[in-house]
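An overview of the molecular structure
Okay, here's what each chain looks like letter by letter:
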Amino acid sequence: MASSIDVPREQWATRLGFILAAVGSAVGLGNVWRFPFAVGEEGGGAFLLVYLLFIVLIGFPAMLVEFVVGRRTQRNPVGALKRLGGGAWTYVGGIFIVTGFVILSYYSVVAGWTIRYAILGVQGGYESDLEAAEVQFGTLASGLDAIAFHAIFMAAVIAIVALGIKRGIELAVKVMVPTIIVITLGLAAYAFTLDGASEAYSYYLSPEFGVIAAEWQSILPAAAGQAFFTLSLGMGVMITYASYLGEDRNLAEDSAIIIGLDTLIAFIVGLVVFPVFFTAGVDPGEGGPGSLFVTLAAAFGDITLGWLIGAVFFATVAIAALSSAISILEVVVSYLIDEKGIDRKTATLGVGGAIFLLGIPSAMDLVLLDLFDGFADGILLVLGGLLLAVFVGWLTGNFGREELRKGIGDLGAYGDAWIWFVRIPVVLALIAALILGILGYYDFLTSMEEGEGFAWWIEENL
Ligand code: PFF
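Residues numbered from 1 in each chain as written. Predicted model: local features only at pLDDT ≥ 70, side-chain atom pairs only at ≥ 80, totals over all residues.

1. What about the overall build of the protein chain?
Check the secondary structure of the protein chain and you find 19 helices and zero strands. Once the C-alpha set of the protein chain is aligned to its principal axes, its extents read approximately 60 × 45 × 45 Å. Counting the 462 residues in the protein chain, one finds 56% classified as buried. (Helix = DSSP H or I, 4+ residues; strand = E, 2+ residues; numbered from the N terminus. Buried ≥ 20, exposed ≤ 12 C-beta atoms within 10 Å, placed from the backbone.)

2. So, the nonpolar core
As a rule of thumb, nonpolar side chains are buried together in soluble globular proteins. Judged by nonpolar contacts, the single largest core of 174 residues is most densely connected at Val157, Val276, Phe277, Ala325, Leu329, Ala389 and Leu430. Among residues more than four places away in sequence, those in contact with alanine 389 are Ala62, Val65, Val422, Val426, Val427 and Leu430. (Core = buried A, V, L, I, M, F, W, Y, C linked by C-beta atoms within 7 Å. Contact = placed C-beta atoms within 7 Å.)

3. A short note on helix 8 (residues 165-192)
Turn by turn, an α-helix covers 3.6 residues, leaving residues three or four places apart pointing in a common direction. Between its first and last C-alpha atoms helix 8 spans 38 Å; for 28 residues at 1.5 Å apiece the expected length is 40 Å, and the two agree. Helix geometry: helix 8 is bent most strongly at valine 173, by close to 25°. Listed as buried for helix 8 are Ile165, Ile169, Glu170, Ala172, Val173, Met176, Val177, Ile180, Thr184, Leu187 and Ala191. (Expected span 1.5 Å × (residues − 1). Bend = angle between axes of the 7 residues up to and from the residue.)

4. Some thoughts on unusual backbone geometry
Look at glutamine 74: it is not a glycine, yet its phi comes out positive at around 50°. Residue class for glutamine 74 comes out buried when judged on the 20 C-beta atoms lying within 10 Å of it. For serine 232, which is not glycine, the phi torsion reads 55° and is therefore positive. Turning to its location among the elements, serine 232 is positioned in the loop between helix 10 (209-230) and helix 11 (237-242). Serine 232 gets classed as buried once you count the C-beta atoms within 10 Å, which come to 30.

5. Structural notes on the site of the ligand
Around the ligand sit 16 residues in total, of which Gly28, Gly30, Ser232, Ser324 and Ile328 are the nearest. Of all elements in the fold, only helix 1 (15-26), helix 2 (29-41), helix 5 (89-122), helix 10 and helix 14 (306-340) reach the threshold of two or more residues within the shell around the ligand. Of all the elements, helix 14 adds the most residues to the shell around the ligand, at four residues. Its residues assigned to classes, the shell around the ligand shows eight nonpolar, eight polar and no charged. (Near = placed C-beta within 6 Å. Nonpolar A, V, L, I, M, F, W, Y, C, P; charged D, E, K, R; others polar.)

Structure follows, in structure tokens:
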């Protein structure tokens, strides 16, 4: 089925441009605020192994699914599924657009905090006392400050996406991604010299298979969810980015590079943060935004030159978040350009403005941020990924293998192996992650826990 409005489509200028854009999208807050903490908490080297297994068995085949759909149709997610499936599948494409829209609204709020914390470092403002750091985070995370930095971040995202694929996104990631890599490596080298380094490495990496054996029911689906989030899957990003690709590209090779770099950077971030924690004598504690902005900030407040290292660290995280956020805005913008015939500048400004407004509740109250996050990341993202895997794996015959073959040549047995990975492990892992997401969201909605549960929030505020 053809899309209603056909407009000339931009393409990436270079192969490197596409790869860096996809890496830029993949490397973001997820790599910093979830990955290292999950490794530290959930069994160190043992969890790392499970995670790598998931990246290879689930993430890699699922990324190829999005790539073949995008490149074949040269369309945004809605247009792509309209062309390939038509009917109700068009609405499945719509799930991707909604997911991206909602995720970006609160992602931008958290990204705003990283800018604020970079500035806080320069001001010499990190509190070394944990309780004081918590109070400080409370004032900066919600309210006018948070809204202002959310606005600044969204303005930067809009400015880049408005310039288009080649002149906007591709140019920006060619500067941003190498910067992220070089600075993160530099910080890791610095962290190596800290007193707490060796203790930190053993906390981060010593394998504890016991933790996994005891908690595999929750760890495995969580690892699948994290693999999806960190690779920017289930948001339509990789469909959209691949839609600007020509047929001569080897999608499997490109995916392997993208996934390798994303994982490597996430791993290196752990080599930065844990030595800082252990040198300051701060317990890395629980995962989540608190660990980054409360415990880590307090650790920066404690160590020599911590203000400077902290400022550089948070600024780098802000850049990583920016190169991710542009990919999500591009999904929604490409939908409006392809399907509604709206010009890029108008679409970018309109959608960017709407996403800013949707983010305001998240910038005013952390419980509301969780309300959006649990729904978009815990449910919608997994649901979109699952439906797409079923579509390409079970319902579209040979299309996937044919598309993958372009730019590779003969796939041999790999083509079948890929489809079977999509059909069984990817689908099963996503079903498990979806169930976990729905149960978790239900718990959150009905929880009376002070400052955390939504039922509590309703009683408190309405
Ligand atoms: N892969 C991104 C990350 O790990 O942070 C996921 C992402 C989330 C990308 C939100 C873009 C975005 F706006």
